Amino acid sequence: MKIKPSFFVILILLLAVVIIIPSRTCQFFAYTVLFILIINFFYALKLSRSIVVERHFKELKVACNEDIEISFKIKNLSRVTAHLLYYRDTVPIFYIYHNENEGILTLHKYEKKKIKYKVKAQARGEYSIGPVVIETSDPMNFFTIKKEFPVDMKIIVQPARIKLITETKPGIPQGEIKINNICYEDTTLRKSVREYKNGDEQKRINWRMSAKYSKLFTNQYENSYNAPFFVFLNLAEDDYDIRNRAYYTEKAIEIAASIVEKSKLFRQNVGFASNGTGLPYLKPAKNQADSILDILAVIKTEPGKLTFNPYIKYTDELSAGTLIFVIDEKVVREYFVKVEASREDINTKNIGAMKK
């Protein structure tokens, strides 16, 4: 709590009046003003201990160029009112709509207010929003209260979402992806039962239902397959033209992120490797897409060139049926060609991200 110089000036004048002027009227006035100052001091002291700030979310994950809603609550736990309370939430390099991360409000006794505002994430990375700073004072503005609340929130900005179709064929029979192809029939998942037709295999006959209705019935099964994903992202600086290196490597990261996102949609195992910062390597596994997207949020290029063929290297290391996607400068160039031609069928095969 900060005391303004005007308080000391008034206090000195009051003491002078009490000491120098013997008039009871003047002294009564001086003591009255002094009493009001003391009341204001305790008013401010109570406020400084009663204003709290809370933030319910500690972490948030979004894609680059998406709008984010940030919120926090300011509470007054006392019976006194904060007549003018200024607040400001500390925000990093995001674009803030209408500067709504700061403002002025009145907080009555036992009142709480939720502050909401929107920002836009303009670059990949890991950021921290906070602390929240509040400023208020007593009614006569002699005692200034300034407090900082360390209610930080971590925001992980993942690569921007792009338009890209991820091919999932060929794959391994009996999985999560549905397909109208009997070659991928899953005999563990019965879909329906139909009347027997000449040529149906005996092992497909549903004997229980056939006995019940005195006629033959044949089981029909779901056709499904699995397609484990593995994404290799080439971030060797010397493999990209220096004139547009930053732009092309960013687009390569976005393409890789799009494929990883699709693995979540198809509920497929996904793995990842790169020669970027940290040289990450994750074999395909369940529920790993979010971890890979977090890596892609902060990964950067590294000096040098790629010295091996990813298709050959990882085909030998990974299990049969794994779809290997390799993202490099050629893939990015082909992606831009398709975008400029306004192609609607931009997919991982026709941009060269996977072998046909």
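Anything mentioned here points back to the structure above.
Residues numbered from 1 in each chain as written. Predicted model: local features only at pLDDT ≥ 70, side-chain atom pairs only at ≥ 80, totals over all residues. Heavy atoms only, no water.

Some words on the layout of surface pockets
Here's step 1: There is about 280 Å³ of room inside the largest pocket.
Here's step 2: As for the largest pocket, its lining consists of 14 residues, and the residues nearest its centre are Arg267, Gln268, Asn269, Lys286 and Asn287.
Here's step 3: Of all the elements in the fold, those that place two or more residues in the lining of the largest pocket are α4 (245–265) and α5 (289–298).
Here's step 4: Split into classes, the residues belonging to the lining of the largest pocket amount to 3 nonpolar, 6 polar and 5 charged. (1 Å grid on protein atoms, 1.4 Å probe; cavity = no way out; pocket = protein on both sides within 12 Å on 5 of 7 lines; lining within 4 Å. Points joined across faces, edges and corners; volume = space filled by probe spheres on them. Helix = DSSP H or I, 4+ residues; strand = E, 2+ residues; numbered from the N terminus. Nonpolar A, V, L, I, M, F, W, Y, C, P; charged D, E, K, R; others polar.)

Description of the side chain of Asn206
Here's step 1: Within the secondary structure, Asn206 sits in the loop between β14 (185–195) and α3 (207–213).
Here's step 2: Reaching out from Asn206, the side chain makes a polar contact with the backbone nitrogen of Met209 at a distance of 3.1 Å. (Polar contact = N/O pair within 3.5 Å; in protein donor to acceptor, adjacent residues only side chain to side chain.)

Quick look at the side chain of Asp239
Here's step 1: Counting through the fold element by element, Asp239 comes out in the loop between β16 (229–233) and α4.
Here's step 2: Side chain to side chain, Asp239 and Asn234 meet in a polar contact 3.0 Å long.
Here's step 3: Aside from chain neighbours lying at most four places away, what touches Asp239 is Asn234, Gly304, Lys305, Leu306 and Glu329. (Contact = heavy atoms within 4.5 Å.)

Quick word on helix α7 (residues 329–340)
Here's step 1: Taking 1.5 Å per residue as the helical rise, α7 with its 12 residues ought to reach 16 Å, and the 17 Å between its terminal C-alpha atoms agrees with that figure.
Here's step 2: Along α7, the residues that are buried comprise Glu329, Val331, Val332, Tyr335, Phe336 and Lys338.
Here's step 3: For α7, the N-terminal capping position is held by Asp328, with its side-chain oxygen 3.3 Å away from the main-chain nitrogen of Lys330.
Here's step 4: Once α7 ends, the next one or two residues include Ser342, with phi positive near 55 degrees. (Expected span 1.5 Å × (residues − 1). Buried < 20%, exposed > 50% of the residue type's maximum accessible area, 1.4 Å probe, protein only.)

With respect to the packing of helix α1 (residues 5–20) against helix α2 (residues 24–50)
Here's step 1: Across the interface, α1 lies against α2 with an axial gap of 9 Å and an inter-helix angle of 150 degrees. Judged on the interaxial angle alone, α2 and α1 are roughly antiparallel. Considering only the axes of α1 and α2, their crossing is left-handed. Across from Phe7, Ile10, Leu11, Leu14, Val17 and Val18 in α1, the residues of α2 making contact are Cys26, Gln27, Ala30, Tyr31, Val33, Leu34 and Leu37.
Here's step 2: Residue composition of the contact of α1 with α2, grouped by class: 12 nonpolar, 1 polar and no charged. (Axes fitted to C-alpha atoms, helices over the stretch in contact; angles between N-to-C directions. Parallel < 35°, antiparallel > 145°, perpendicular 65-115°, else oblique. Left-handed = near helix turned anticlockwise from the far one by under 90°.)

Some points on the nonpolar core
Here's step 1: Counting 42 residues, the largest nonpolar core has Ile74, Leu85, Phe94 and Ile155 as the members making the most contacts within it.
Here's step 2: Looking at this core, the element that brings in the most residues is α2, giving 6 residues.
Here's step 3: Beyond its immediate sequence surroundings of up to four residues, Phe94 is in contact with Ile68, Val119, Lys120, Ala121, Gln122, Tyr127, Ile129, Ile155 and Val157.
Here's step 4: Counting residues in each nonpolar core, the second largest holds 34 residues, with Ile162, Leu164, Phe229 and Met354 among its members. (Core = buried A, V, L, I, M, F, W, Y, C linked by side-chain atoms within 4.5 Å.)

Section: the packing of α4 against α5
Here's step 1: Running from N to C, α4 and α5 cross one another at 165 degrees; their axes reach a closest spacing of 9 Å. For the element pair α4 / α5, the angle class is roughly antiparallel. Where α4 crosses over α5, the handedness of that crossing is left-handed. Along its contact with α4, which presents Ile253, Ala256, Ala257, Val260, Glu261, Ser263 and Lys264, the element α5 presents Ala289, Asp290, Ile292, Leu293 and Leu296.
Here's step 2: Grouping the constituent residues of the contact of α4 with α5 by class yields 8 nonpolar, 1 polar and 3 charged.

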